[in-house]
Amino acid sequence: MNWYNANMIYTKTDFNHKTILITGGAGFIGSNLAFYFQENYPNSKIYIFDCFRSGATFSNGNLKSFGHYKNLIGFSGRVICGNINSKEDLAQISQIKFDYIFHQAAISDTRVYDQEIVMETNVNSFFWFIDKAIRDNSTLIYASSAATYGSMPSPQTIGIENPENPYGYSKYAMDQIANLYSKENPDLKIIGLRFFNVYGPREYFKNKTSSMVIQLGHQILNGNKPSLFEGSDKILRDFIFIDDVIQANIKACESKRNGVFNVGTGKPRSFQDICDILQNELGTNYKTNYFPNPYEGYQMHTEADIKLSRDNFDFNPNFSLEAGIKHYIPYIKSMLNIPLD
Ligand SMILES: NC(=O)c1ccc[n+]([C@@H]2O[C@H](COP(=O)([O-])OP(=O)(O)OC[C@H]3O[C@@H](n4cnc5c(N)ncnc54)[C@H](O)[C@@H]3O)[C@@H](O)[C@H]2O)c1
């Protein structure tokens, strides 16, 4: 199923006849990118490289990887099952010359605290993709994260970071490495995108790490009161709809310069807003069930400063939270009570 609007051409770049690698392509953002190219550039040659889920879990009980074949039903490109930590697996794609690499594969779960495995997966593997981009003269767009900011005050701005978990640090380290390689290799085109809180179709299989938009949507559709932390009208996040994240990835290919850039709306909204918009869309009027927030050091306010992204690649998010949720409802309904494994 195509979850997109028709008018999706963001730049003059013609991706037809280009060879494109999407790591993490069985996951949320990667699979949406794959469908974006398939729909809009049917003659592009798309490779997905993803280890898919095995059922193996981290010590927090969450899955080691969230890639799911159901995100790719309808995708007609090349799918390779492989681990970015394995040189042997990567050898399967080492002889293919890529014009573009969208590197999304990572441990995306911010609550994995095993530093060794997070650093190995997110950081060590990054060197291979940078080397590959240098060899192939490819444009490399990689996923960084707003987690690099920790609880730095809003608006979060490039250059003022303080990661507070191994995941956030791993993305921060990737940004430093990208910066070093960029200086040493003037021809390398490498752009990091710091995604804020992304929501939208194909995130369901992230299980408990999916956005609160789909989790609350399913609570309401199941006839339950939506559950939120106490004070949720004052907990603000920069929620960004997947279509705008795709826009950023595509436009970043034409960035005026290398660097790392924020990808958010710049307009923080509360978790209570999500509930209210969902209830409005779904025609319900449940009272919210509030419970104490168990987390210490919980981020209370995120807001992307997107000036640099605007100036360098004309990033211009189109979706308000209201519009994003409206577009998202059909997918939320379609995934109600679908098994998660
Ligand atoms: N979704 C968000 O809100 C958000 C916010 C900030 C940053 N990001 C980053 O964006 C990228 C994509 O995130 P997502 O939301 O699509 O997450 P996701 O977990 O749905 O996708 C990540 C994909 O990478 C794959 N993967 C994990 N480990 C792998 C390995 N060792 N080898 C090969 N493949 C592996 C998984 O199977 C999965 O399909 C990630 O790098 C994530 O850290 C996401």
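Cut-offs and rules
- Residues numbered from 1 in each chain as written.
- Predicted model: local features only at pLDDT ≥ 70, side-chain atom pairs only at ≥ 80, totals over all residues.
- Heavy atoms only, no water.
- Helix = DSSP H or I, 4+ residues; strand = E, 2+ residues; numbered from the N terminus.
- Rg over C-alpha atoms; globule rule 2.2 N^0.38 Å.
- Buried < 20%, exposed > 50% of the residue type's maximum accessible area, 1.4 Å probe, protein only.
- Contact = heavy atoms within 4.5 Å.
- Lys, Arg positive; Asp, Glu negative; His and termini not counted.
- Charge placed at Lys NZ, Arg CZ, Asp CG, Glu CD.
- Near = heavy atom within 4 Å.
- Polar contact = N/O pair within 3.5 Å; in protein donor to acceptor, adjacent residues only side chain to side chain.
- Nonpolar A, V, L, I, M, F, W, Y, C, P; charged D, E, K, R; others polar.
- Salt bridge = Lys/Arg side-chain N within 4 Å of Asp/Glu carboxyl O.
- Axes fitted to C-alpha atoms, helices over the stretch in contact; angles between N-to-C directions.
- Parallel < 35°, antiparallel > 145°, perpendicular 65-115°, else oblique.
- Left-handed = near helix turned anticlockwise from the far one by under 90°.
- Pairing = 2+ DSSP bridges.
- Right-handed = clockwise from strand over helix to strand, strands pointing away.

### Concerning the overall build of the chain
No. 1: When its secondary structure is counted, the chain shows nine helices and 13 strands.
No. 2: Over its C-alpha atoms the chain spans a radius of gyration of 19 Å, differing by no more than 12% from the 20 Å that the globule rule assigns to 341 residues.
No. 3: When its C-alpha atoms are laid out on the principal axes, the chain stretches across 55 × 40 × 40 Å.
No. 4: In the chain, which comprises 341 residues, the share counted as buried stands at 56%.
No. 5: Long-range contacts, defined as pairs at least 24 residues apart, comprise 83% of the intrachain contacts of the chain with a sequence gap of at least 6.
No. 6: Taking the average location of the 32 positive side-chain charges in the chain and that of its 34 negative ones, the two points are 4 Å from each other.

### With respect to the site of the ligand
No. 1: If you check the shell around the ligand, you find 29 residues, and the closest are Ile29, Asp50, Ser108, Tyr167 and Lys206.
No. 2: Separating an oxygen atom of the ligand from a backbone N or O atom of Val198 is a distance of 3.0 Å.
No. 3: Among the elements of the structure, α1 (28-40), β5 (139-145) and α4 (166-184) are those that each provide at least two residues to the shell around the ligand.
No. 4: Ranked by the residues each element gives to the shell around the ligand, the list is headed by β5, at three residues.
No. 5: Its residues assigned to classes, the shell around the ligand shows 14 nonpolar, 12 polar and three charged.

### What about the pattern of salt bridges?
No. 1: Counted under the stated rule, the structure contains nine salt bridges.
No. 2: A salt bridge links Asp175 to Arg194; its shortest N-O distance comes to 2.8 Å. Of this pair, Asp175 sits in helix α4 while Arg194 sits in strand β6 (residues 189-195); the two residues are 19 residues apart in sequence, bridging distant segments of the chain. The pair formed by Asp175 and Arg194 is uniform in burial state, with each residue classed as buried.

### Description of the side chain of Thr302
No. 1: Mapped onto the elements, Thr302 comes out in the loop between β13 (289-291) and α8 (307-313).
No. 2: We classify Thr302 as buried; its relative accessible area is 3%.
No. 3: Within the structure, the side chain of Thr302 is placed 3.0 Å from the backbone nitrogen of Asp238, a separation counted as a polar contact.
No. 4: Not counting residues within four places of it along the chain, the set of residues in contact with Thr302 comprises Ser154, Gln156, Phe196, Asn197, Leu236, Arg237, Asp238 and Pro268.

### Examining the packing of helix α3 (residues 115-136) against α4
No. 1: At their nearest, the axes of α3 and α4 sit 9 Å apart, and the two run at 25° to each other. Taken together, the axis directions place α3 and α4 in an arrangement best described as roughly parallel. You can see that α3 and α4 cross each other, and the crossing is right-handed. Between α3, through Gln115, Val118, Met119, Asn122, Val123, Phe126, Phe127, Ile130, Asp131 and Ile134, and α4, the contact on the second element is made entirely by Pro166, Tyr167, Tyr169, Ser170, Lys171, Ala173, Met174, Ile177, Ala178 and Tyr181.
No. 2: Among the residues making up the contact of α3 with α4, the classes are represented as 15 nonpolar, three polar and two charged.

### Side note on the packing of helix α2 (residues 87-94) against α3
No. 1: The geometry of α2 relative to α3 is characterised by a closest axis approach of 12 Å and an angle of 20° between their N-to-C directions. Comparing the axis directions of α2 and α3 gives the class roughly parallel. Considering the relative orientation of α2 and α3, their crossing is right-handed. Residues Lys87, Leu90, Ile93 and Ser94 of α2 form the contact with α3, whose participating residues are Trp128, Phe129, Lys132 and Arg135.

### Regarding the pairing of β6
No. 1: For β6, a buried count of six out of seven residues is recorded, marking the element as mostly surrounded by other parts of the structure.
No. 2: Two elements, β5 and β6, share seven bridges in a ladder whose sense is parallel. Paired with Leu140 across the two strands is Ile190, which belongs to β6.
No. 3: Tracing the backbone out of β5, into α4 and back to the parallel element β6 gives a crossover that is right-handed.
No. 4: Strand direction decides the pairing type here: β6 and strand β11 (residues 259-263), joined by five bridges, are parallel. Within β11, the position partnered with Gly192 by the bridge is Val260.

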